Amino acid sequence: MAQLLNAICYDGTWYHISLAEIEFNRDDRAITKCFIVRGAYSLLVSQVPQAVDYVLDLVWHKQVSLKVSVFAWRLLRDRLPTRLNLISRRVLSPDMSSCVAGCGHPESAQHLFLSCDTFGSMWHLVRDWIGCYGVDTDNISDHFLQFTLLAGGGAARRSFMQLIWLLCVWVVWNERNNRLFNHVVTPIPCLLDKVKLMSLGWLKAKKATFVFDTQQWWSSPLVCLGIG
Ligand SMILES: [Zn+2]
């Protein structure tokens, strides 16, 4: 993949455009500050559908079940029945917007999966486990793309990070539902254990090549996959 650059578009959403494409445009005409701004803007507008499509394509992964991919697709399109979405459809009354974690914030998808002090802390734990570092953006599509690219390296690393992101949002959504409907609370560090266990199961089910025992998976997943 070409090196990606974050760029903000007219509707306030962040998109990713290729540096190579910008270089091409800059070579094509005289470089003036004004042109770069106009050129970048036009390029962005023309790239928006492809950028969105690219992130949506990431939901499909050969080692991830169809139900999880469909769930992630709904998440990226903001089609999950979060409390704010149910309020906007008049299914819930406006006074029922609170996040199930008890943080006092309204439950949107962005809040639940990224900015909630409880559920959002998952990402830090997961990055620690994998051994890579980064900051969380407040846009779900951006977060998915950046997380997928976080470990750098080749396709195998990107594929693993993509799988982990899909698994994390799946685990968070199930925990949210457990808290809401079954009144069962699982501490966040235990959710990380679920991520470790389930990722192992998903990878083994599809016969990924492993060079380790299960214990090692708990501390060094990239090394275990031979891509550390
Ligand atoms: Zn919350």
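A brief report on the enclosed structure follows. Note that the structure is a prediction, hence the values are computed from the model and not measured. Counting from 1, residues in each chain are numbered in the order their sequence is written. The predicted origin of the model limits local features to residues at a pLDDT of at least 70 and limits the giving and counting of side-chain atom pairs to 80 or more, whereas totals for whole chains, interfaces and linings rest on all residues. Hydrogens and water molecules were not included; the side-chain quantities draw on all heavy atoms of the structure.

Description of the coordination of the zinc ion
Only nitrogen, oxygen and sulfur atoms within 2.8 Å of the metal, or 3.2 Å for Na, K and Ca, are treated as donors, and water is left out, so sites may look incomplete. At the metal site, the zinc ion is ligated by Cys99 (SG), Cys103 (SG), His111 (NE2) and Cys116 (SG), and these contacts range over 2.2 to 2.4 Å. Think of it this way: with four donors and all angles in the 85 to 135 degree range, the site is tetrahedral; with four or six donors, opposite ones beyond 155 degrees and the rest between 65 and 115, it is square planar or octahedral; otherwise it is irregular. Geometry at the zinc ion is tetrahedral, judged from the 4 donor atoms that bind it and their angles of 94 to 128° at the metal. Expressed as a motif, the donor residue spacing for the zinc ion is C-x3-C-x7-H-x4-C. Of this pair, Cys99 sits in the loop between α4 (83–88) and α5 (109–115) while His111 sits in helix α5, placing them 12 residues apart in sequence. Comparing Cys99 with His111, the two get one shared label, buried. Secondary structure elements follow DSSP: runs of H or I of four or more residues count as helices, runs of E of two or more count as strands, with numbering from the N terminus. For each residue, the accessible area found with a 1.4 Å probe, counting protein chains only, is set against the maximum for its type, and the residue is called buried under 20%, exposed over 50%, and partly exposed in between.

Focus: the pattern of salt bridges
By definition, a salt bridge exists where a carboxyl oxygen of Asp or Glu is found within 4 Å of a side-chain nitrogen of Lys or Arg. Evaluated as defined, the whole model comprises 3 salt bridges. Salt-bridge contacts for Arg127 lead to Asp136; the nearest nitrogen and oxygen are separated by 2.7 Å. For Arg127, a relative accessible area of 7% gives the class buried. A relative accessible area of 33% means that Asp136 is categorised as partly exposed.

Quick notes on helix α8 (residues 155–182)
A turn of α-helix holds 3.6 residues, and therefore any two residues three or four places apart point the same way. One less than the number of residues in a helix, times 1.5 Å, gives the span that helix is expected to have. Over its 28 residues, α8 runs 39 Å from end to end, which matches the ideal 40 Å to within 8%, given 1.5 Å per residue. Counting buried residues along α8, 20 of its 28 residues qualify, which places the element largely inside the surrounding structure. Within two residues after α8, His183 carries a phi angle of roughly 55°, on the positive side.

Observations regarding the environment of Phe147
Position of Phe147 among the secondary structure elements: in helix α7 (residues 140–149). For Phe147, the contacting residues outside a window of four places in its chain are Trp123, Val126, Arg127, Ile130, Met161, Ile164 and Trp165. Only heavy atoms matter for contacts: two residues are in contact if any of them lie within 4.5 Å across the pair.

A closer look at the packing of aromatic side chains
Any pair of Phe, Tyr and Trp rings, taking the six-membered ring for Trp, is counted once the centres come within 6.5 Å. Such a pair is stacked with planes under 30 degrees apart, edge-to-face with planes over 60 apart, and tilted for the rest. For the structure shown, the criterion picks out 10 aromatic pairs. An angle of 75° between the planes, with centres 5.4 Å apart, marks the rings of Phe71 and Trp170 as edge-to-face. Separated by 99 residues along the polypeptide, Phe71 in helix α3 (residues 66–76) and Trp170 in helix α8 bring together distant segments of the chain. Using a relative accessible area of 5% as the deciding quantity, one classes Phe71 as buried. Ring centres of Phe160 and Trp217 lie 6.0 Å apart, and the angle between their planes is 85°; on these two criteria the pair is classed as edge-to-face. Taken together, the residues span a long stretch of sequence, with Phe160 in helix α8 and Trp217 in helix α10 (residues 214–217) at a distance of 57 residues. Overall, the relative accessible area of 3% leaves Phe160 in the buried class. Each member of the aromatic cluster is reached from another via a ring pair, and the members are Phe71, Phe113, Trp170 and Trp173.

Any functional reading would require information that these geometric values do not contain.
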